[in-house]
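Chain by chain, the residues run as shown.
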Amino acid sequence: MPTTLRSSLSAHLKYFSLIFLTFQSTILTLLMKYSRDKHQPYNPSVIVCMVELLKLAISFSLECFINQQGSTRRTYLVIKYDIQKHQKEFWKLAIPAALYAIQNNLCYLALKHLSAVSFQVIYQMKILTTALFSVLILGRRIEYGHWVSLWILMIGVVAVQLSGKNQMDSSGSSSWFGFLVLLFNSISSGFAGVYFELLSKAPKTGCVRTRVRPKSLWMQSFQLGILGFAFSALVALFTPSEQNVNLLSSLKGWTILTVALQSVGGLLVAVVIRYADNIQKAFATSLSIVLCSFISIVFLGHQLPLELLLGSALVVVAVVLYARAEKSTSVTRSKGLPRRIQSAEKL
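What you are looking at is a predicted structure, and each value in this text was computed from that prediction instead of being measured.

Draft legend 1. Local environment of the overall build of the chain. A count of helical and extended segments in the chain gives 14 helices and 0 strands. Each helix (α) and strand (β) of the chain, taken in turn from the N terminus, gives the series α-α-α-α-α-α-α-α-α-α-α-α-α-α. Expressed as a percentage of the 347 residues in the chain, the buried residues total 48%. Restricting the contact set of the chain to residue pairs at least 6 apart, pairs at least 24 apart contribute 86%. Total accessible area on the chain stands at roughly 18000 Å², and carbon and sulfur atoms take up 66% of it.

Draft legend 2. Focus on helix 3 (residues 72–85). Helix length check: helix 3 (14 residues) gives 20 Å between terminal C-alpha atoms against 20 Å at 1.5 Å per residue, within 8%. Listing the buried residues of helix 3 in full gives Thr75, Ile79, Asp82 and Ile83. Projected onto a plane normal to the axis of helix 3, the buried residues spread over an arc of 95° and lie on a single side. Summarising the geometry of helix 3, the exposed residues directed more than 90 degrees from the buried face are Arg73 and Lys85. In the core, the buried residues of helix 3 are packed alongside helix 2 (44–67), helix 4 (87–92) and helix 10 (217–238).

Draft legend 3. Broad picture of the packing of aromatic side chains. The tally for this structure, following the rule as stated, stands at 6 aromatic pairs. Both rings, one in Phe60 and one in Phe222, keep their centres 5.7 Å apart while their planes meet at 55°; by these two values the pair is tilted. Highlighted residues: Phe60 in helix 2 and Phe222 in helix 10, separated in sequence by 162 residues. Relative to Tyr123, the ring of Phe119 lies with its centre 5.6 Å away and its plane at 45°, an arrangement referred to as tilted.

Draft legend 4. Representation of the confidence of the model for the chain in the model. For the chain, the mean per-residue pLDDT works out to 75, and 71% of the residues sit at or above 70. The secondary-structure element of the chain with the lowest mean pLDDT is helix 14 (residues 330–334), recorded at 50, while helix 3 shows the highest, at 91. Here residues 168–172 is modelled with pLDDT under 50, and outside its nearest four sequence neighbours on either side it reaches 5 contacts, counting other chains as well. Segment residues 203–212 is flagged for pLDDT under 50; beyond a separation of four residues in sequence, or across chains, it makes 16 contacts in the model.

Draft legend 5. Quick peek at the nonpolar core. By size, the foremost hydrophobic cluster in this structure holds 42 residues, and its most contacted members are Phe119, Ile122, Leu150, Leu153, Val157, Leu182 and Val315. Here the element with the most residues in this core is helix 13 (residues 306–328); it accounts for 6 residues. Phe90, Leu93, Ala94 and Tyr195 belong to the second largest nonpolar core, which has 14 residues in total.

Draft legend 6. Just the environment of Ser115, in detail. For Ser115, the position within the fold is in the loop between helix 5 (94–111) and helix 6 (116–122). Side-chain polar atoms of Ser115 contact the side chain of Ser118, separated by 3.0 Å.

Draft legend 7. Just the side chain of Glu52, in detail. The residue Glu52 is located in helix 2 in this model. Contacts of Glu52, omitting those with residues within four sequence positions, involve Asn104, Gly225, Gly228, Phe229 and Ser232.

Draft legend 8. How the structure looks around the environment of Leu314. Relative to the elements of secondary structure, Leu314 occurs in helix 13. Overall, Leu314 belongs to the partly exposed group, its relative accessible area being 26%. Separated by 159 residues in sequence, Leu314 and Ile155 have C-alpha atoms that sit 7.5 Å apart. Beyond its immediate chain neighbours, meaning those up to four positions away, Leu314 contacts Ile152, Ile155 and Gly156.

Analysis parameters
- Residues numbered from 1 in each chain as written.
- Predicted model: local features only at pLDDT ≥ 70, side-chain atom pairs only at ≥ 80, totals over all residues.
- Heavy atoms only, no water.
- Helix = DSSP H or I, 4+ residues; strand = E, 2+ residues; numbered from the N terminus.
- Buried < 20%, exposed > 50% of the residue type's maximum accessible area, 1.4 Å probe, protein only.
- Contact = heavy atoms within 4.5 Å.
- Areas by Shrake-Rupley, 256 points an atom, 1.4 Å probe, with all protein chains shown as cover.
- Expected span 1.5 Å × (residues − 1).
- Arc of directions from axis to C-beta.
- Phe/Tyr/Trp six-rings, centres within 6.5 Å; stacked < 30°, edge-to-face > 60°.
- pLDDT = per-residue confidence, 0-100.
- Core = buried A, V, L, I, M, F, W, Y, C linked by side-chain atoms within 4.5 Å.
- Polar contact = N/O pair within 3.5 Å; in protein donor to acceptor, adjacent residues only side chain to side chain.

Spelled out as structure tokens, the structure:
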């Protein structure tokens, strides 16, 4: 493929993925919240399994048609050979896969106790935990601009949580339970993301002498999906379902759209990370929070407290400031990978 055509396709893919990610994130959060509250009840663990299964099918198809000349047999043999040849690297993916499976299930639990807007805003705590784990695991430094944005983020999250202090869900539990669930999710998300970055970048560095060749985006997504589906199935197996809720009732109406959006969104994040920079992804996240608030007020008739609106605005500012600070230090960081990535092959 000519270089100019490839760069043009990359540019179009970048902007399409950012626009789609914005609307996908907004609609998915609202669907996860209200499809279960207002419509047919379903088992969230079954939905998570279906999401991972669909991601497997999409990843395999994209690997087949983009990198393996449309041959399903060739794709299967290449993936099988890669897993057998690099078993150690494959099983390292079990840690982020297990954490992602747990996180996806806990998101539904948190949404039972939080509004869709509060959920989106509070979940941005993963920016803070990702920064902290980047220091602990990758040996990075947090610059002044990062600290400012992280403090603004925490103030915004506290404001949002205080706005829901008197809100009670149908079971009589306060929103603090949902907050604690998202706190755990944010910690595990930060660790999983940094650990996955460690695994992804170490084989590509010149300072790391390793025989592991870089995988394509879709092959890596497929291999991660294999382990993700296995862990999600285990969670579904040991999670008690609600009364009169079975597999068939979990795959009706709006839940099918939820599965499709969540599956595409998981792969879309990988595309955004590959083709877009951090500040563009941050703008997509910020716009998603604004859209979620707008839909909740205009179309769903919600009265959002002043603290929630103020906290949402602070989180949007924090996300953008953090991304700008990240971009300003990317040139310096590109001159040399963090010191602990250099020893990644010892893992």
